[in-house]
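# Report on the structure
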Amino acid sequence: MLLVATYELGHQPANLAGPAARLRTRGHDVRVLDTSVDPWDPGLVDWADRVAFSVPMHTATRLARELARGITKPTCCYGLYAAMCDDMADVVIAGEYEDALVAWADGEAPGPIVQLGRARHDPMDARPARDLLPPLDRYVRLAVGDELRLVGSVEASRGCAHRCRHCPVPVVYNGRVRLANGDETLSDITQLVEHGARHLTFGDPDFLNAPQHSMRIVRAVHERYPDLTFDCTTKVEHVLRYHELLPELARSGCLFVVSAFESLNDAILERLDKGHTAADSARAVHLLRDHGIDVRPSFLPFTPWTTRDDLATLVEFVADHDLVGSVDPVQYTIRLLLPAGSLLLEHPDLAPHLGGWDDERLTFTWTPAHPDMDDLQRELARLVEESVGRGDPISTTYARVRSAIGVEPVDVSSAPIDRPRLTESWFCCAEPTDVQMRAVTT
């Protein structure tokens, strides 16, 4: 068996390590390839009887499809976006893929495309086969001031209890959450620490979907490794609802939270069914910082309904809330993605803007209500690419974005630029720009 990952936001791919351990336990000879750090190797395909691609996100899926086209061996795509590969893979498994992937490797029928049953837990499978993967020093780092720390990535859960219309998760999980086995997660964290990790990223779609479960893991990890820090992702709604957990999260090593603010236009947030308002985003910033946790917002600035005023409000919000050093510049360029099955396709407000399906980009096309928005999006993407390529300070890039939008300049020269961050920009529920695709491919 050859297991292939193409991109997992710069992290060592746990979606290879977990199934590799289960397959190896059952007697399969397993090799893995992560093309985000190593070149594509046709010799491994020649060696393999079967080839399986991990497709946890849109960018990974586009890259996997390119690689899989020339393979004549039996192929499988597994992960959140697997259904978007059913035209080119022999088998696709979305959702909880482990048992079905093992069944396929054993020559059995894997079952339906979407698998939401809870995976069988075998003590023999407790530790993912990270020994097969490239070492952590080839992946994303945590930057804290001038220091760079190795980072390990784990999941405490999959799925999501919410159904945000633009998000790919409810297309598969439909409001369901599947919890990882706590002992297996702790065992994996132990080996990550043994391999040099000094920081963890919890890669759950929302770490506070199951707060009691997540906090049990946080407490156990902090008791075992009191100097280990971590970050996680959660909704604005959850920051407000579970604010009483913030002091303990901070004491346990949480450096920052990624949260999908998306927009500062309440009408757009309503269309996306985000469950929060612009005012809620501001409250979340203050709540997190009051407890010593930074926030790294993600934005979806370009939607069919976006106006230049919306973008002006966004960059002003960033300056007003001291977020210049906490927003990756790529966030100012993100354009809405409409993959097959997107819940947003059912919204009547989208109908006037909706176009056809784009096979290459794996999205439905759409046109903005204000035609100049596409030109502005391309301009910002070019500006950000050039600025980041030159190594400009983040405050300089922000100032240029602000100017391109047409907002009066403000002095951000003193904005903190040493806040903790990962060295790979976070983006997910949006169409990657040409800038991002080139960066990932490189």
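Below you will find a few notes about this structure. Quick caveat, the model's predicted, so the values are computed rather than measured.

## Focus: the nonpolar core
The biggest cluster of nonpolar side chains holds 60 residues, and the ones touching the most others in it are Phe202 and Val318. A total of six residues in this core trace back to one element, the largest contributor, which is helix 12 (residues 308-320). Excluding anything up to four places from it in sequence, Phe202 contacts Val154, Ala156, Phe207, Ile217, Phe230, Asp231, Cys232 and Thr233.

## Description of the side chain of Asn15
With respect to the helices and strands, the residue Asn15 is situated in helix 1 (residues 14-25). Within polar-contact distance, the side chain of Asn15 engages the side chain of Glu8 at 3.2 Å. Excluding anything up to four places from it in sequence, Asn15 contacts Glu8, Ser54, Pro56, Tyr78, Tyr97 and Arg158.

## Observations regarding the sheet that holds strand 6 (residues 114-115)
The sheet built from six strands is open, its strands ordered 2-1-3-4-5-6 with parallel pairing. Single-partner strands in this sheet number two, and they are strand 2 (31-34) and strand 6. By the bridge criterion, three bridges tie strand 4 (residues 75-78) to strand 5 (residues 91-95) in an arrangement that is parallel. The residue of strand 5 that forms the bridge with Cys77 is Val92. Sitting on the sheet, helix 1 is in contact with strand 1 (2-5), strand 2, strand 3 (51-54) and strand 4, with an inclination near 170 degrees to strand 1. Relative to the sheet, helix 4 (residues 98-105) contacts strand 3, strand 4, strand 5 and strand 6, its axis offset from that of strand 4 by approximately 175 degrees.

## Some words on the environment of Asp86
Relative to the elements of secondary structure, Asp86 occurs in the loop between strand 4 and strand 5. Here the alpha-carbon distance between Asp86 and Ile113, two residues 27 residues apart in the chain, equals 9.0 Å.

## Concerning the environment of His243
Structurally, His243 is set in the loop between helix 8 (236-241) and helix 9 (246-251). Remark: the alpha-carbon pair of His243 and Leu288, spanning 45 residues in sequence, is separated by 8.3 Å.

## Focus: helix 7 (residues 211-224)
Taking 1.5 Å as the rise per residue, helix 7 with 14 residues should run 20 Å; its terminal C-alpha atoms sit 20 Å apart, in good agreement. For helix 7, the complete set of buried residues consists of Pro211, His213, Ser214, Met215, Ile217, Val218 and Val221. Residues of helix 7 that are buried sit in contact with strand 10 (177-179), helix 6 (182-194), strand 11 (199-202), strand 12 (229-233) and helix 9.

Rules used throughout
- Residues numbered from 1 in each chain as written.
- Predicted model: local features only at pLDDT ≥ 70, side-chain atom pairs only at ≥ 80, totals over all residues.
- Heavy atoms only, no water.
- Core = buried A, V, L, I, M, F, W, Y, C linked by side-chain atoms within 4.5 Å.
- Buried < 20%, exposed > 50% of the residue type's maximum accessible area, 1.4 Å probe, protein only.
- Helix = DSSP H or I, 4+ residues; strand = E, 2+ residues; numbered from the N terminus.
- Contact = heavy atoms within 4.5 Å.
- Polar contact = N/O pair within 3.5 Å; in protein donor to acceptor, adjacent residues only side chain to side chain.
- Pairing = 2+ DSSP bridges.
- Axes fitted to C-alpha atoms, helices over the stretch in contact; angles between N-to-C directions.
- Expected span 1.5 Å × (residues − 1).

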